[in-house]
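Read off the chains here:
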Amino acid sequence: MKTCTHCGPLWNSLPKQEAGNSTSKATLTTFQAYKLRVTHIFQLKQHSILVTVGQDEHGINPLVKVWNLDKRDSGSPLCTRIFPAIPGNKPTEVSCLSVHENLNFMAIGFTDGSVVLTKGDITRDRHSKTLTLHEGTIPVTGLAFRQVAKVTHLYVATLEKVYCYSLSLKEYPKVELDTHGCALHCSSLTDPSQDSQFVVAGDECVYLYQPDERGPCFAFDGTKILARWHRGYLFLIIQNPKTRFGNRESCPSDKQLLTIYDLDNKFIAYSALFQDVIDVVAEWGSFFVLTRDGNMYIIQEKDTQTKLEMLFKKNLFVMAINLAKSQHLDSDGLSEIFRQYGDHLYLKGDHDGAIQQYIRTIGKLEPSYVIRKFLDAQRIHNLTAYLQALHRQSLANADHTTLLLNCYTKLKDSLKLEEFIKSSESEVHFDVEIAIKVLRQAGYHRHAVFLAEKHMHHDWYLKIQLEDLKNYEEGLRYIGRLPFEQAESNMKRYGKTLMHHIPEGTTLLLKGLCTNYHPSGDTAGTDSHFEKNLLKANSEEFIPIFANNPRELKAYLEHMIEVDPNSPQGVYDTLLELRFQDWAHEQHPERKKILQGEALSLLRSDNTVFDKALVLCQMHNFKEGILYLYEKGKLYQQIMHYHMQNEVYDKVVEACKRYGDQEVCLWEQALGYFARKEEDCKAYISEVLCHIDQNNLMPPLLVVQTLAHNSTATLSVIKDYLINKLQRESLQIEGDECKIQQYREETTHLRSQIQELRTSAKIFQKTKCNMCNSPLELPSVHFLCSHSFHQHCFESYADNEAECPTCAPENRKVIDMLRAQDQKSDLHDHFNRQLQSSHDGFSVVADYFGRGVLNKLTLLTDPPGRKPVGNVEVNL
């Protein structure tokens, strides 16, 4: 137990006052409770109830009276109950008294060792019951009720023993707590903050008791004559105290030592000698010491700040801290004490102790205040401890993390470094990214990798593994475990590096990433989530990764079009180019043929772009591909020109035969091509002329002019062609002359009929109706076409009164044809296109002439006698 005599008392002792001569303004009220004397008084704290024990008659006849101080009776408090304090039938003196605050229990101790318990409403006789709770031969010296929740206990102290009764249970079970008792007035009950322990002050020690066991004890030597507890302090009056050297003080026997102990903080708050103390009373926040000479002393507690300042002056910081905690000082006040204590230790050179105090200021004191003190290299371990604590409380910033990691690296303390970075997130909070940067810069790559993997900083993990450690396999494995978006972005970033060192593994990962990706740590694509939501990247975006790995690129692209036929166009274009390159560089005939088939199969698919594919074929001189694309694009002239450039005459003729029906001009171009050749091409010219002749593709004059440029082509080459041509034209002329003669005769006959109808009378000799074949009867209808009808038949079937019903359908057809001719008579563009594309232009002109397109027009505004323009071009 420490004493405060070095720094002065923590309590003030005010000047004494004469008892009964107080100069305060408090009102003093007196009333006569007993006729002879009052021996015991108990004032309840929560009620205006006063319980007294005294005598109205001489002898041993103590009476208990209960007073209600709020009610008056003839100027005195109302006495609500009176009953004799006698245990059994034998009268004895009362030694102590205690009343429960809930007014349901009252205990009276006697000098014969008995304890009487009154249960029920102690203010009324009817509602209470009195029984003898304890019997013995040793006088009872102390009683105290303990109430915790709904459990009530009664402590009983005698000169030799201490007991505890449980009043909440039937039969009130008793527990003997100790075989050491105490004198009268030497027991008390602590505050609820100290768990309402029973204090017993013996001659050698002070004991604290729980309801079921003895608690701590304190060695205070000397004969105790009084013990009180107030607001966490223990007040003891000791008779004949020892000095600090162990000898009895040389003082009169009527002097007692009053000592105030702070048991929680373990120091003596106040100590002073008084003469013949009668009692110590706690009220109004002060202690009143009443002595037998009629004086009363007031002891008041100093405020907390004054106490602390006194302790600071003597550098008793530990005691100040304990005092501040017991007084429930706020965190700011405690932090200031810790700071001052730390500064004190720092000035003394105790840096380890100082840093421990500074650690306790974290959250209140600015960290830079402490850090500046320990920046010296010799104190780096103290700085490390402070920074560790700062991180544990999640109050460190990026600079603190950097400084701590630099401290670890300077100290080369790998164990502490690992402990720091491997601590759980609930223990240490720091800026992970800053920590990774510092560790990487310091060369602690293994620790940086662990930290990046633990906190899922994927970019940093891969950067260290691939750029610093060159651990490409681990980097590739890590990417394969990442979620889709992150795996895709990191493959785009590190794909070329990984492809250079691990081509097969990288290709395999890209295949999965662009088809149906799932991290390698998950189940292999069996979850319904992956079946419904396919995660795949754009395969075209990863093609640049294979810049120096054509073999892996080809395998990757072939896999993509096999798994996903709807792959991006760039995949097909790149694969086509690769196959062309392989074909072009291959020297083995059989292998070259296989590669040619692969290229053609891809070229014939629906996923190739014509222009790009054609350029690729031309770049690699892939003949089969060029011809296929020309044919696919209907570029028949390009096909023939390709054969012409390569001077493959058979293929030229074959192209004309194959595509001549779609483009007839191929034969003309073929004839011109062979005509320009100086070598002997008579056989090919004859074949071309034969086809031109059969299909009448060129005028003979044009054929002769074309072949005139060939020095090797003689008349014998076109002899048969000209003879056949002239014979067919002669036959055609003869046929046309026959038709002309026939049409002239028919026209003459028709004109004679028209003339006859205009000039001669028409005799109707029909006897039957042309509609119903019945004999004609008047009235009847006759037409110039020699058809006759009954009038009712005519009216029933005729659509027009001026038209013969029998001839009407045929006449209508003719009229429709004429109208169609009139509508088409001005279709000049159509006529020009048809004229240019037709093999026989004369037949087209004749057809339009028959439609009236080339008829001569007479304008109404032309002056009489002026000839109309008959030119075909003008009419068109």
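Residues numbered from 1 in each chain as written. Predicted model: local features only at pLDDT ≥ 70, side-chain atom pairs only at ≥ 80, totals over all residues. Heavy atoms only, no water.

Across its full length, the chain carries 31 helices and 28 strands. Residue burial in the chain is summarised as follows: out of 876 residues, 41% are buried. As presented, the chain carries roughly 49600 Å² of accessible surface, and 50% of it is formed by carbon and sulfur atoms. (Helix = DSSP H or I, 4+ residues; strand = E, 2+ residues; numbered from the N terminus. Buried < 20%, exposed > 50% of the residue type's maximum accessible area, 1.4 Å probe, protein only. Areas by Shrake-Rupley, 256 points an atom, 1.4 Å probe, with all protein chains shown as cover.)

The 4 strands are arranged 4-5-6-7 in an open sheet whose pairing can be described as antiparallel. Each edge of the open sheet is held by one strand with a lone partner, namely strand 4 (37-43) and strand 7 (76-84). Geometrically, the sheet is characterised by an average inter-axis angle of 30° between neighbouring strands, direction not taken into account. Relative to strand 7, strand 6 (residues 63-73) is paired through 8 bridges, and the arrangement is antiparallel. Bridging from a neighbouring strand, K65 pairs with I82 of strand 7. (Pairing = 2+ DSSP bridges. Axes fitted to C-alpha atoms, helices over the stretch in contact; angles between N-to-C directions.)

When you line up the elements, H351 lands in helix 4 (residues 351-359). According to the relative accessible area criterion, H351 is buried, its value standing at 18%. When neighbours within four sequence positions are excluded, H351 is seen to be in contact with Y346, F374, R379 and N382. (Contact = heavy atoms within 4.5 Å.)

Two orientations exist for strands paired in a sheet by backbone hydrogen bonds: parallel and antiparallel. Spatial ordering of the open sheet is given by 16-17-18-19, a layout of 4 strands whose pairing is antiparallel. The outermost strands of the open sheet, each flanked by one partner alone, are strand 16 (187-189) and strand 19 (214-218). On average, adjacent strands in this sheet sit at an angle of 20° to one another, irrespective of strand direction. In terms of strand pairing, strand 17 (residues 198-201) meets strand 18 (residues 206-209) through 4 bridges, oriented antiparallel. Looking across to strand 18, one finds that A201 is bridged to V206.

Taken residue by residue, helix 8 (residues 414-421) has L417, E418, F420 and I421 as its buried positions. Buried residues of helix 8, seen end-on, are gathered within an arc of 160° and therefore sit on one face of the element. Of the exposed residues in helix 8, those oriented more than 90 degrees away from the buried face are L415 and E419. Tucked into the core, helix 8 has its buried residues touching helix 6 (380-392), helix 7 (398-411), helix 9 (432-442) and helix 10 (445-454). (Arc of directions from axis to C-beta.)

A few words on the pairing of strand 25 (residues 286-291). Judged by how many residues are buried, strand 25 sits mostly within the fold: 5 of 6 residues are covered. Both strand 24 (residues 277-283) and strand 25 contribute to a ladder of 6 bridges, which runs antiparallel. Each bridged residue has a counterpart across the sheet, and for V281 the counterpart in strand 25 is F288. Between strand 24 and strand 25, which follow one another and run antiparallel, lie 2 residues, and W284 among them has a positive phi close to 55°. For strand 25 and strand 26 (residues 295-301), the ladder comprises 5 bridges, and the chain directions are antiparallel. The partner of F287 across the bridge, within strand 26, is I299.

Let's shift gears to a nonpolar patch on the surface. Together, L757, F764 and L784 make up an exposed nonpolar region whose accessible area comes to about 270 Å². Relative to the elements of secondary structure, L784 occurs in the loop between strand 27 (780-782) and strand 28 (788-790). Look at L784 and you get exposed, because its relative accessible area is 52%. (Patch = residues over 30% accessible without salt bridge, like charges linked within 9 Å, V, L, I, M, F, W, Y side chains within 5 Å. Salt bridge = Lys/Arg side-chain N within 4 Å of Asp/Glu carboxyl O.)

Once that is clear, we can look at the packing of helix 9 against helix 11 (residues 458-468). One can describe the packing of helix 9 onto helix 11 by two numbers: an axis separation of 11 Å at closest approach and a directional angle of 10°. The angle between helix 9 and helix 11 falls in the class roughly parallel. In contact with E433, I436, K437 and R440 of helix 9, helix 11 contributes W460, K463, I464, E467 and D468. The class makeup of the residues in the contact of helix 9 with helix 11 is 3 nonpolar, no polar and 6 charged. (Parallel < 35°, antiparallel > 145°, perpendicular 65-115°, else oblique. Nonpolar A, V, L, I, M, F, W, Y, C, P; charged D, E, K, R; others polar.)

With that settled, the discussion passes to the packing of aromatic side chains. According to the stated counting rule, one finds 17 aromatic pairs in the structure shown. Measuring from ring centre to ring centre gives 5.5 Å for Y346 and F374, while their planes differ by 75°; the resulting arrangement is edge-to-face. With a gap of 28 residues between them, Y346 in helix 3 (residues 331-348) and F374 in the loop between helix 5 (367-371) and helix 6 connect regions that are remote in the sequence. You'll find Y346 and F374 in the same group, each marked buried. Geometry around Y34 places K65 over its ring, the cationic atom sitting 4.4 Å from the centre. The lysine or arginine in question, K592, covers the ring of W583, its NZ or CZ lying 4.3 Å from the ring centre. (Phe/Tyr/Trp six-rings, centres within 6.5 Å; stacked < 30°, edge-to-face > 60°. Lys NZ or Arg CZ within 6 Å of the ring centre and 35° of its normal.)

Locating A282 in the fold gives a position in strand 24. Measuring from C-alpha to C-alpha, the distance between A282 and W229 comes to 8.7 Å, with 53 residues separating the pair along the chain. In this structure A282 touches H230 and F287, once residues within four positions along its chain are discounted.

Moving on, we come to the pairing of strand 23 (residues 267-275). The side chains of a regular strand alternate, first on one face of the sheet and then on the other. Judged from the 8 bridges that link them, strand 22 (residues 255-262) and strand 23 form a sheet pairing that is antiparallel. When the sheet's bridge partners are listed, L257 is paired in strand 23 with L273. Once strand 22 ends, the chain turns through 4 residues before running back antiparallel as strand 23, passing K266 with a positive phi of about 60°.

So, on to the pattern of salt bridges. Overall, the coordinates contain 18 salt bridges when judged by the stated rule. Of the charged contacts in the structure, one is a salt bridge between E176 and K161, with a shortest N-O distance of 3.8 Å. Here E176, found in strand 15 (residues 174-178), pairs with K161, found in the loop between strand 13 (151-158) and strand 14 (162-166); they are 15 residues apart in sequence, far enough to count as distant. One salt bridge in this structure joins R551 and E552, with 2.8 Å as the shortest N-O distance. By sharing partners, the salt bridges in this structure join E336, R339 and D343 into a single network.

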